[in-house]
Amino acid sequence: MPEGHVIHRLAAHLNSGFRGGPLSVSSPQGRFDASPIDASSLTLAEAHGKHLFICFSTGHIVYIHLGLIGSLRFEPARDVWGQIRLRIVAGDVAANLRGPQFCRYVSPAEMQAILDRTGEDPLRDDASPDALFARVGASKRTIGSLMMDQKLLAGVGNIYRAEALFRQGISPFVPGCQLERDAFDAVWADLVSLMRYGVEHGRIDTVRDEHTPEAMGRDPRKDDHGGEVYVYRRAGEPCFVCGEPIAVRKVEGRNLFWCPKCQG
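Residues numbered from 1 in each chain as written. Predicted model: local features only at pLDDT ≥ 70, side-chain atom pairs only at ≥ 80, totals over all residues. Heavy atoms only, no water.

A separate point is a nonpolar patch on the surface. Taken together, the side chains of Met 1, Leu 68 and Ile 69 define a hydrophobic patch exposed on the protein surface, amounting to about 370 Å² of accessible area. In this fold, Leu 68 is placed in the loop between strand 4 (61-65) and strand 5 (71-76). (Patch = residues over 30% accessible without salt bridge, like charges linked within 9 Å, V, L, I, M, F, W, Y side chains within 5 Å. Areas by Shrake-Rupley, 256 points an atom, 1.4 Å probe, with all protein chains shown as cover. Salt bridge = Lys/Arg side-chain N within 4 Å of Asp/Glu carboxyl O. Helix = DSSP H or I, 4+ residues; strand = E, 2+ residues; numbered from the N terminus.)

See below:
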(Lines give C-alpha, C1' and ligand atoms only; values in the text may rest on other atoms or scores of the structure.)
Protein backbone atom coordinates (compact mmCIF):
# COMPACT_ATOMS: atom_id res chain seq x y z
CA MET A 1 0.00 0.00 0.00
CA PRO A 2 1.44 3.41 -0.93
CA GLU A 3 2.64 5.50 2.00
CA GLY A 4 1.36 9.00 2.58
CA HIS A 5 4.01 10.87 0.60
CA VAL A 6 2.76 9.15 -2.57
CA ILE A 7 -0.78 10.48 -2.06
CA HIS A 8 0.50 14.00 -1.43
CA ARG A 9 2.58 13.83 -4.62
CA LEU A 10 -0.51 12.79 -6.56
CA ALA A 11 -2.53 15.68 -5.13
CA ALA A 12 0.24 18.14 -5.98
CA HIS A 13 0.45 16.84 -9.55
CA LEU A 14 -3.32 17.10 -10.01
CA ASN A 15 -3.33 20.65 -8.65
CA SER A 16 -0.45 21.78 -10.83
CA GLY A 17 -1.45 20.07 -14.08
CA PHE A 18 -5.22 19.63 -14.09
CA ARG A 19 -6.72 22.84 -12.70
CA GLY A 20 -7.95 25.80 -14.65
CA GLY A 21 -9.92 24.35 -17.52
CA PRO A 22 -12.63 21.89 -18.55
CA LEU A 23 -11.55 18.26 -18.33
CA SER A 24 -12.54 15.11 -20.12
CA VAL A 25 -13.56 12.66 -17.40
CA SER A 26 -14.63 9.10 -18.06
CA SER A 27 -14.59 5.54 -16.75
CA PRO A 28 -13.32 3.24 -19.52
CA GLN A 29 -13.91 0.29 -17.20
CA GLY A 30 -17.50 1.38 -16.70
CA ARG A 31 -17.52 0.89 -12.92
CA PHE A 32 -17.76 4.59 -12.07
CA ASP A 33 -20.31 7.11 -13.32
CA ALA A 34 -18.14 10.00 -14.48
CA SER A 35 -20.91 11.81 -16.37
CA PRO A 36 -21.67 14.34 -13.57
CA ILE A 37 -18.10 15.69 -13.68
CA ASP A 38 -17.26 15.33 -17.38
CA ALA A 39 -16.38 18.71 -18.94
CA SER A 40 -16.08 20.28 -15.47
CA SER A 41 -12.98 21.80 -13.86
CA LEU A 42 -10.87 20.46 -11.03
CA THR A 43 -10.86 22.99 -8.20
CA LEU A 44 -8.73 21.21 -5.58
CA ALA A 45 -7.05 17.88 -4.94
CA GLU A 46 -6.29 17.28 -1.28
CA ALA A 47 -4.46 14.49 0.56
CA HIS A 48 -5.11 13.48 4.15
CA GLY A 49 -2.93 10.53 5.09
CA LYS A 50 -3.71 7.82 2.55
CA HIS A 51 -7.01 9.46 1.49
CA LEU A 52 -7.27 11.53 -1.69
CA PHE A 53 -10.16 13.91 -2.33
CA ILE A 54 -10.65 15.54 -5.75
CA CYS A 55 -13.09 18.46 -5.82
CA PHE A 56 -14.76 19.62 -9.03
CA SER A 57 -16.47 22.83 -10.13
CA THR A 58 -19.82 21.03 -10.14
CA GLY A 59 -19.55 20.61 -6.36
CA HIS A 60 -18.86 16.89 -6.63
CA ILE A 61 -16.09 15.35 -4.52
CA VAL A 62 -14.43 12.14 -5.65
CA TYR A 63 -12.92 10.11 -2.83
CA ILE A 64 -10.07 7.75 -3.70
CA HIS A 65 -8.21 5.24 -1.55
CA LEU A 66 -5.68 3.21 -3.49
CA GLY A 67 -5.62 0.27 -1.07
CA LEU A 68 -3.14 -2.53 -1.66
CA ILE A 69 -3.06 -2.68 -5.45
CA GLY A 70 -4.42 0.62 -6.70
CA SER A 71 -2.47 3.15 -8.73
CA LEU A 72 -3.02 6.63 -10.15
CA ARG A 73 -0.62 7.24 -13.02
CA PHE A 74 -0.06 10.23 -15.25
CA GLU A 75 0.27 8.94 -18.80
CA PRO A 76 0.02 10.18 -22.40
CA ALA A 77 -3.65 10.72 -23.20
CA ARG A 78 -3.30 8.66 -26.37
CA ASP A 79 -2.42 5.54 -24.32
CA VAL A 80 -5.39 3.64 -22.92
CA TRP A 81 -4.60 0.25 -21.41
CA GLY A 82 -5.72 -1.90 -18.50
CA GLN A 83 -8.83 -1.61 -16.38
CA ILE A 84 -9.14 2.15 -15.85
CA ARG A 85 -11.73 3.01 -13.20
CA LEU A 86 -11.40 6.79 -13.57
CA ARG A 87 -9.70 8.74 -16.36
CA ILE A 88 -9.14 12.51 -16.17
CA VAL A 89 -7.69 14.08 -19.29
CA ALA A 90 -6.13 17.54 -19.48
CA GLY A 91 -4.65 18.22 -22.90
CA ASP A 92 -2.25 15.44 -23.82
CA VAL A 93 -1.94 14.02 -20.29
CA ALA A 94 -4.31 11.63 -18.54
CA ALA A 95 -4.58 10.71 -14.87
CA ASN A 96 -5.54 7.03 -14.98
CA LEU A 97 -6.84 5.30 -11.86
CA ARG A 98 -6.60 1.50 -11.73
CA GLY A 99 -7.55 -1.01 -9.07
CA PRO A 100 -8.43 1.32 -6.17
CA GLN A 101 -10.00 0.14 -2.97
CA PHE A 102 -12.41 3.07 -3.14
CA CYS A 103 -13.45 5.46 -5.90
CA ARG A 104 -16.78 7.09 -5.17
CA TYR A 105 -18.57 10.38 -4.75
CA VAL A 106 -18.85 11.72 -1.22
CA SER A 107 -20.77 14.64 0.21
CA PRO A 108 -18.96 17.30 2.28
CA ALA A 109 -20.41 15.66 5.39
CA GLU A 110 -19.16 12.25 4.32
CA MET A 111 -15.74 13.70 3.57
CA GLN A 112 -15.65 15.26 7.03
CA ALA A 113 -16.63 11.94 8.61
CA ILE A 114 -13.64 10.30 6.91
CA LEU A 115 -11.36 13.09 8.13
CA ASP A 116 -12.73 12.74 11.65
CA ARG A 117 -11.57 9.12 11.63
CA THR A 118 -8.16 10.03 10.23
CA GLY A 119 -5.17 10.66 12.46
CA GLU A 120 -2.51 13.35 12.38
CA ASP A 121 -0.70 13.61 9.04
CA PRO A 122 2.99 14.68 9.34
CA LEU A 123 2.73 16.25 5.87
CA ARG A 124 -0.10 18.61 6.75
CA ASP A 125 0.39 22.01 8.34
CA ASP A 126 -2.83 21.58 10.31
CA ALA A 127 -1.58 18.43 12.07
CA SER A 128 -1.50 18.51 15.87
CA PRO A 129 1.41 16.56 17.41
CA ASP A 130 0.19 17.65 20.84
CA ALA A 131 -3.16 15.94 20.32
CA LEU A 132 -1.39 12.87 18.98
CA PHE A 133 0.99 12.65 21.93
CA ALA A 134 -1.94 12.76 24.34
CA ARG A 135 -3.45 9.71 22.65
CA VAL A 136 -0.16 7.85 22.34
CA GLY A 137 0.69 8.56 25.96
CA ALA A 138 -2.64 7.13 27.11
CA SER A 139 -2.12 3.80 25.34
CA LYS A 140 -0.50 0.58 26.53
CA ARG A 141 -0.05 -0.57 22.93
CA THR A 142 3.51 -0.57 21.62
CA ILE A 143 4.75 2.40 19.66
CA GLY A 144 5.37 0.05 16.72
CA SER A 145 1.68 -0.80 16.74
CA LEU A 146 0.47 2.74 17.30
CA MET A 147 2.48 4.09 14.38
CA MET A 148 0.61 1.82 11.98
CA ASP A 149 -2.81 2.97 13.20
CA GLN A 150 -4.17 5.37 10.58
CA LYS A 151 -6.56 6.76 13.17
CA LEU A 152 -3.50 8.05 15.01
CA LEU A 153 -0.70 8.63 12.49
CA ALA A 154 -2.13 9.19 9.02
CA GLY A 155 -0.01 8.28 6.04
CA VAL A 156 2.70 6.49 7.99
CA GLY A 157 3.24 2.94 6.76
CA ASN A 158 5.59 0.06 7.42
CA ILE A 159 8.67 1.71 5.93
CA TYR A 160 8.40 5.04 7.71
CA ARG A 161 7.53 3.30 10.97
CA ALA A 162 10.60 1.08 10.91
CA GLU A 163 12.98 3.75 9.70
CA ALA A 164 11.93 6.58 12.02
CA LEU A 165 12.11 4.34 15.08
CA PHE A 166 15.55 3.08 14.06
CA ARG A 167 16.88 6.57 13.38
CA GLN A 168 15.81 7.66 16.87
CA GLY A 169 17.08 4.49 18.56
CA ILE A 170 13.65 3.59 19.93
CA SER A 171 12.49 0.02 20.40
CA PRO A 172 9.25 -0.68 18.53
CA PHE A 173 8.09 -2.61 21.58
CA VAL A 174 8.02 0.34 24.00
CA PRO A 175 4.43 1.00 25.16
CA GLY A 176 3.07 4.36 24.13
CA CYS A 177 2.45 5.28 27.75
CA GLN A 178 6.18 4.87 28.45
CA LEU A 179 7.40 7.00 25.54
CA GLU A 180 8.90 10.26 26.77
CA ARG A 181 7.77 13.50 25.14
CA ASP A 182 11.22 14.34 23.80
CA ALA A 183 11.43 10.91 22.14
CA PHE A 184 7.97 11.37 20.64
CA ASP A 185 8.90 14.83 19.37
CA ALA A 186 12.06 13.44 17.75
CA VAL A 187 10.08 10.73 15.94
CA TRP A 188 7.46 13.23 14.79
CA ALA A 189 10.08 15.69 13.50
CA ASP A 190 11.87 12.86 11.70
CA LEU A 191 8.64 11.71 10.03
CA VAL A 192 7.94 15.26 8.86
CA SER A 193 11.42 15.54 7.36
CA LEU A 194 11.54 12.08 5.79
CA MET A 195 8.05 12.28 4.32
CA ARG A 196 8.63 15.77 2.88
CA TYR A 197 11.72 14.38 1.19
CA GLY A 198 9.53 11.59 -0.18
CA VAL A 199 7.08 14.10 -1.64
CA GLU A 200 9.87 16.08 -3.26
CA HIS A 201 11.89 13.17 -4.64
CA GLY A 202 9.28 10.45 -5.12
CA ARG A 203 11.24 7.84 -3.14
CA ILE A 204 12.01 6.93 0.45
CA ASP A 205 15.62 7.56 1.49
CA THR A 206 16.31 7.37 5.21
CA VAL A 207 20.06 6.74 5.59
CA ARG A 208 22.27 9.58 6.74
CA ASP A 209 25.17 10.79 4.62
CA GLU A 210 27.71 8.55 6.34
CA HIS A 211 25.67 5.43 5.51
CA THR A 212 25.02 5.96 1.81
CA PRO A 213 26.37 3.38 -0.66
CA GLU A 214 29.05 5.85 -1.75
CA ALA A 215 30.22 6.58 1.81
CA MET A 216 30.26 2.91 2.84
CA GLY A 217 31.50 1.45 -0.44
CA ARG A 218 28.51 -0.90 -0.69
CA ASP A 219 26.11 -1.73 -3.48
CA PRO A 220 22.95 0.38 -3.76
CA ARG A 221 19.76 -1.17 -2.51
CA LYS A 222 17.73 -3.12 -5.05
CA ASP A 223 14.07 -3.22 -4.12
CA ASP A 224 10.80 -2.36 -5.81
CA HIS A 225 10.22 0.34 -3.19
CA GLY A 226 13.51 2.03 -4.09
CA GLY A 227 15.54 4.24 -1.80
CA GLU A 228 18.20 3.57 0.82
CA VAL A 229 16.96 2.36 4.21
CA TYR A 230 18.41 1.11 7.49
CA VAL A 231 16.19 -1.81 8.47
CA TYR A 232 13.14 -2.20 6.23
CA ARG A 233 13.32 -5.51 4.33
CA ARG A 234 16.89 -6.04 5.52
CA ALA A 235 16.24 -8.98 7.87
CA GLY A 236 19.44 -10.93 8.57
CA GLU A 237 21.68 -8.31 6.96
CA PRO A 238 24.19 -6.39 9.10
CA CYS A 239 23.12 -3.08 10.58
CA PHE A 240 24.92 -0.19 8.90
CA VAL A 241 25.63 1.33 12.32
CA CYS A 242 26.55 -1.56 14.64
CA GLY A 243 26.84 -4.65 12.41
CA GLU A 244 24.16 -6.61 14.31
CA PRO A 245 21.82 -8.65 12.03
CA ILE A 246 18.55 -6.85 11.42
CA ALA A 247 15.63 -8.66 13.07
CA VAL A 248 12.11 -9.20 11.78
CA ARG A 249 8.92 -10.31 13.50
CA LYS A 250 5.35 -10.61 12.31
CA VAL A 251 3.29 -8.14 14.34
CA GLU A 252 -0.42 -7.67 13.68
CA GLY A 253 -0.06 -9.23 10.27
CA ARG A 254 2.83 -7.02 9.12
CA ASN A 255 6.59 -7.57 9.15
CA LEU A 256 8.29 -5.37 11.73
CA PHE A 257 12.01 -4.72 11.16
CA TRP A 258 14.42 -3.40 13.78
CA CYS A 259 18.02 -3.60 15.05
CA PRO A 260 18.12 -5.41 18.43
CA LYS A 261 21.31 -3.56 19.44
CA CYS A 262 20.67 0.00 18.23
CA GLN A 263 17.07 -0.15 19.42
CA GLY A 264 17.61 -2.33 22.48
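The sheet built from 4 strands is open, its strands ordered 2-3-4-8 with antiparallel pairing. The outermost strands of the open sheet, each flanked by one partner alone, are strand 2 (42-48) and strand 8 (102-106). Sheet twist, expressed as the average angle between the axes of neighbouring strands with direction ignored, equals 20°. Where strand 4 meets strand 8, 5 bridges bridge the pair, whose relative direction is antiparallel. By the bridge assignment for strand 8, Val 62 is matched with Tyr 105. Relative to strand 2, helix 1 (residues 4-17) is tilted by about 170°, and along the sheet it contacts strand 2 and strand 3 (51-56). Packed on one face of the sheet, helix 2 (residues 108-116) meets strand 2, strand 3, strand 4 and strand 8 and runs near 130° to strand 8. (Pairing = 2+ DSSP bridges. Axes fitted to C-alpha atoms, helices over the stretch in contact; angles between N-to-C directions. Contact = heavy atoms within 4.5 Å.)

The contact between helix 5 (residues 158-167) and helix 6 (residues 181-201) brings their axes to 10 Å, and the two run at 130°. What the angle tells us is that helix 5 and helix 6 run oblique. Both helix 5 and helix 6 take part in a crossing whose hand is right-handed. Contacts between helix 5 and helix 6 involve Tyr 160, Ala 164, Leu 165 and Arg 167 on the former and, on the latter, Val 187, Asp 190, Leu 191, Leu 194, Met 195 and Gly 198. (Parallel < 35°, antiparallel > 145°, perpendicular 65-115°, else oblique. Left-handed = near helix turned anticlockwise from the far one by under 90°.)

Structurally, the protein chain comprises domain 1 (4-117) and domain 2 (129-258). Summarising the inter-unit geometry, the C-alpha centres of domain 1 and domain 2 are found 30 Å apart. Of the residues lining the interface, 7 residues belong to domain 1; the matching set on domain 2 comes to 15 residues. Together, His 5, Arg 9 and Lys 50 form the three largest contributors to the area buried by domain 1 at its contact with domain 2, with a combined 64%. (Domains from an automatic or database assignment. Buried area = accessible area lost by both parts, 1.4 Å probe.)

Our focus in this paragraph is the UniProt feature "domain: FPG-type" (unreviewed entry) in the protein chain. Mapped onto this numbering, the UniProt entry gives "domain: FPG-type" (unreviewed entry) at residues 230-264. Across residues 230-264, helical content stands at 0% and strand content at 29%; the span's end C-alpha atoms are separated by 15 Å. (UniProt positions renumbered as here; feature names shortened; annotations may be inferred.)

Bringing the pairing of strand 10 (residues 254-258) into the picture now. Strand residues, when the strand is regular, have side chains that alternate between the two faces of the sheet. Relative to strand 10, strand 9 (residues 247-251) runs antiparallel, the two being bridged by 5 bridges. The residue bridging Lys 250 from the neighbouring strand is Asn 255, located in strand 10.

Here we come to helix 2. Given 3.6 residues per helical turn, the α-helix brings residues three or four places apart onto the same face. Buried within helix 2 are the following residues: Met 111, Ile 114 and Leu 115. Each buried residue of helix 2 lies within a common arc of 100° when the element is viewed along its axis, so the set occupies one face. Facing away from the buried surface of helix 2 by more than 90 degrees, the exposed residues are Ala 109 and Asp 116. Considering only its buried residues, helix 2 is in contact with strand 2, strand 3, strand 4 and strand 8. (Buried < 20%, exposed > 50% of the residue type's maximum accessible area, 1.4 Å probe, protein only. Arc of directions from axis to C-beta.)

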